[in-house]
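These are the residues of each chain, in order.
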Amino acid sequence: MAESQPSSKFAFILHADVVGSTALVQQDERIAHQRIQTAFRRFAETIVAHGGIAHELRGDAVVAEFEKASDAVSAALSFQKDNARSNAESSEPIRPELRIGIGMGEVVIGDNTVTGAGVVLAQRLEQLSKPGGVVIQGAVQEAIPRRLPFEYTSLGEKEVKGFDTPVRAYTVDIAAGKPIPEPEARPKVAETKPRSKHGLKLIVSVGLLIAVVGALVVWLKPWQVEQKTSLVESQVLERTKLPSLAVLPFNNFSGDQTQEYFADGITEDLTTDLSKLSGLFVISRNSAFTFKGKTSRSKDVADQLGVRYLLEGSVRRDADRIRINAQLIDTATGGHIWADRYDGTLTDVFDFQDQVVRQIVEALSLKMLPEDSKRLVGSGTTSVEAHDAYLSGLAAYYRRSPEANAEARSHFERALQFDPDFFDAYTALAKVYIRAAILEQDYADKLGIYWADGYTRARSFLANVQAEPNADYYVLRSWLNLNKHQHSNAISDARQALSLRPNDADALEALAAALIFSGDYEQGIVSAEQAIRQNPTLMGYPLYLIGVAEFARNNIEESIRRIEQAKQNTLSKRADFSGMLASALGQRGDLEPARIAFDEYAREYVNRPARAWSAKTQSFVNPRFHAWRRIDLAWSVYAFPFSDNDVLDRFATGLELAGATVGLGRYLPLSSSNRLNGPEVKTLLYDQTIEGQDFWLSQFDWQQTRSATGFVEHTGFDIHPGLPADATGQGEIKDDTLCETWPVISRIANLCVTVFRVPDADARARWGEYVMVTDTGPHPFTVSR
């Protein structure tokens, strides 16, 4: 039979083993085999009855995957109850007991094995269980509907081997006097051709082949189901067929902690270069760096990241002399494919990186396509000083704080002083300023700028890269375009980023977001699942995007489950996660949890920068100065750029139920059905004067007059970041957007906006007849003549 191709998926994972199996075999080998076989057969039937799929793992253990946390827990408790009764009724001294752990995470399935971080975590949780018991991850407990009759006992935060952060764990049991929930009725499955030549029955064949290896019971999987691969799974599978590799953080052996940035930078550069190869699957830098400073077995690391090959090494630097050791490990065999040492000066570091890439291509027999070679030419630098400053900037940027972000800016600016054509430094500076525009106000304050200027400066730096754009350039443009509700441009930019760097997790997340908010939910989930596979230890945002897609498809239960998973798998609080969860809970009718989620959303919302210049006080004011519990519905809805009007209305209704304040007109429906096309925009705006006020408080006036040829005069509130109170520009219609160049901010080629009509009479009375969406938000207006 042909080997199965590996597939990757996110699931709830059940891991169980037989307590004291060696001692049982030593008592009576024949009876032990028989009793364990019987227990596993019952367990297999229970797993399948609850919608799970059972897999062989190793030795006397079993692993199963479930789509729902409640199914996994019900199956575990049902088996433990049945097994306890069977043991009590048995007269044999050999009575196998199992411990069970349940976690959630990614698994990689192929060649009759199942691996991945999810399996490892479930195994660690199982080791916390008592015989006959079940221990679950905190995230699993939160994913189970509260209506189910389970009782939980907290074990607190547990340090588990192979994981950076402690894991919340709970024991779980059925409430006294309550029955274990019955398996849900499932669609009838057509009979499939059995894998074995023996007449195996529908869905699962139950037969165990037992052999003794040493004193352990070797259990072989008898029941795997042949399943039809969905579109999502098949497309994710395409990249998991490739040789898979992670570049682990190189160790700093310089004896100088200040050189840590240089070792990290070598790792970053190698990850970036290898990620450009279309024939190689490379885990993202962020996931690989979770193993920095840890001593773990190569096989354990590979299992958690879901890869076969590991590139690791060390760096020793003394002034301008460097020594770099590198080795490529095949974790399937434990052997080294190659190892080498490079001695030289800092000027040789670029040659070293090129050599490593070439050697990996040769060692793994990768086929180099012409476009791969073009990608490797890239947008780097030949200046050692510029490269060194750039690496220092990356080290500061990844520390993720307002102070470190400002420090990163100074390093990237220094890199450009050494090499004004270093395009990677320009895009890095753009990322620094984007943070100031979209994150907490402290980021802008530490850079000494008004928050909206973050957009202006980011676009200015991106303009320097237009001649030779890199992947980061397109990723940033994709996010900026989605923020302005320009879905097709956001999709195009994200795909362009992936064409330059096929392994870019940020590009996959950008593409997933653009597709999902545009209404292409299935393809968006494809990209989100790929992002999880690419970045398995930081899966919060793509999980959230899957939750958004499920909400749009009106799968409310699945949406809530995914968003709750996302909140458990993110490094910091995110307002959008809580806002989406609040609406989904409101739609489900869980009003108190919905209000709690909305309150959390509101608190995070007001911490984001949203200031405006007040001509009256000659100072910056925050339009969100009001009590956070009174967040307006319109403000909330704008931040979620759904293009489908029905989805947008369901989302708004959910927020209303969760406690959002509803004003006149409810919200601005910035959906595709209300968007003006190019000819309509030209007819509306050319040879016309329009007048508007700010969206947030309707306190700041602005006016624009355009000629028949697109010449524009602007006065008043700066609807574009960086635009002064009086400015002139020239515009043209591109596709369905109005694109204008403003000489006063000449480094930016053009600023393109979308225009929407406001169909609701109450909304028109509150805001105006039309809305223009820029980087800083929606700007309502009315045609004055």
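Note that this is a predicted model, so its numbers are computed, not measured. (Residues numbered from 1 in each chain as written. Predicted model: local features only at pLDDT ≥ 70, side-chain atom pairs only at ≥ 80, totals over all residues. Heavy atoms only, no water.)

## Re the overall build of the chain
A count of helices and strands for the chain gives 28 helices and 26 strands. Long-range pairs, those at least 24 residues apart, make up 64% of the contacts in the chain with a sequence separation of at least 6. As presented, the chain carries roughly 32,600 Å² of accessible surface, and 48% of it is formed by carbon and sulfur atoms. (Helix = DSSP H or I, 4+ residues; strand = E, 2+ residues; numbered from the N terminus. Contact = heavy atoms within 4.5 Å. Areas by Shrake-Rupley, 256 points an atom, 1.4 Å probe, with all protein chains shown as cover.)

## Digging into the state of the cysteines
According to the stated counting rule, one finds 1 disulfide in the structure shown. Between the sulfur atoms of Cys739 and its disulfide partner Cys752 the distance amounts to 2.0 Å. Every disulfide takes its handedness from the sign of the S-S torsion; for Cys739 and Cys752 that torsion is 110°, giving right-handed. Pair noted here: Cys739 is in strand β23 (residues 737–741) and Cys752 is in strand β24 (residues 751–757), with a separation of 13 residues, a long-range link. Each member of the pair Cys739 and Cys752 is classed as buried. (Disulfide = S-S within 2.5 Å. Buried < 20%, exposed > 50% of the residue type's maximum accessible area, 1.4 Å probe, protein only.)

## Structural notes on the pairing of strand β6 (residues 134–137)
Of the two faces of β6, the one carrying Val134 and Ile136 and the one carrying Val135 and Gln137 are both buried. Summarising the sheet, β6 and strand β8 (residues 167–174) pair through 3 bridges and their orientation is antiparallel. Paired with Ile136 across the two strands is Tyr170, which belongs to β8. (Pairing = 2+ DSSP bridges.)

## Regarding the packing of helix α22 (residues 556–568) against helix α23 (residues 575–588)
Put simply, α22 and α23 touch, their axes get as near as 9 Å, and they point 150° apart. Between α22 and α23, the angle is such that the two are roughly antiparallel. Viewed along their axes, α22 and α23 form a crossing whose handedness is left-handed. Residues Ile556, Glu557, Ser559, Ile560, Ile563, Glu564, Ala566 and Lys567 of α22 lie in contact with α23, whose contacting residues are Phe577, Ser578, Met580, Leu581, Ala584, Leu585, Gln587 and Arg588. (Axes fitted to C-alpha atoms, helices over the stretch in contact; angles between N-to-C directions. Parallel < 35°, antiparallel > 145°, perpendicular 65-115°, else oblique. Left-handed = near helix turned anticlockwise from the far one by under 90°.)

## Regarding the packing of aromatic side chains
Across all of its chains, the model carries 25 aromatic pairs by this definition. Where Phe598 meets Tyr601, the ring centres are 5.7 Å apart and the plane angle is 45°; that geometry is what we call tilted. Taken together, the residues Phe598 and Tyr601, both in helix α24 (residues 591–606) and 3 residues apart, mark about one turn of the helix. A ring pair is formed by Tyr601 and Phe640, whose centres lie 6.3 Å apart and whose planes are at 50°; its orientation type is tilted. Of this pair, Tyr601 sits in helix α24 while Phe640 sits in the loop between α25 (633–638) and α26 (645–658); the two residues are 39 residues apart in sequence, bridging distant segments of the chain. Ring pairs connect the aromatic residues Phe517, Phe551, Phe598, Tyr601, Phe640, Phe642 and Phe651, which therefore count as one cluster. A cation sits over an aromatic face here: Arg650 above Phe551, 5.2 Å from the ring centre. (Phe/Tyr/Trp six-rings, centres within 6.5 Å; stacked < 30°, edge-to-face > 60°. Lys NZ or Arg CZ within 6 Å of the ring centre and 35° of its normal.)

## Some thoughts on the environment of Val107
Topologically, Val107 is positioned in strand β4 (residues 98–110). Take Val107: its relative accessible area is 1%, and that puts it in the buried class. In the structure, Val107 is positioned 98 residues away from Lys9 in sequence and 5.7 Å away in space, judged by C-alpha atoms.

## Remarks on the sheet that holds β24
Reading around the circumference, β19-β20-β21-β22-β23-β24-β25-β26 is the order of the 8 strands in this closed barrel, with antiparallel pairing throughout. Along the sheet, successive strands turn relative to each other by an average axial angle of 35°, direction set aside. Bridge count between β23 and β24: 3 bridges; the pairing is antiparallel. Within the sheet, the bridge partner assigned to Cys739 lies in β24 and is Cys752. The sheet strands contacting helix α27 (residues 678–685) are β19 (689–693), β20 (701–706), β22 (726–734), β23, β24, β25 (770–774) and β26 (777–783), and the helix crosses β24 at an angle near 85°.

## Digging into the nonpolar core
Among the nonpolar cores identified, the biggest contains 190 residues, and Ile102, Leu274, Leu311, Ile360, Tyr544 and Phe642 are the most heavily contacted of them. For this core, the element with the highest residue contribution is helix α14 (residues 423–438), accounting for 11 residues. Those residues within four positions of Ile360 in sequence are excluded, and the remaining contacts are Leu245, Leu274, Leu280, Leu311, Leu328, Trp338 and Leu366. Grouped together as the second largest cluster of nonpolar side chains are 15 residues, Leu676, Leu684, Val755 and Phe781 included. (Core = buried A, V, L, I, M, F, W, Y, C linked by side-chain atoms within 4.5 Å.)

By themselves, these figures tell us nothing about what the structure is for.
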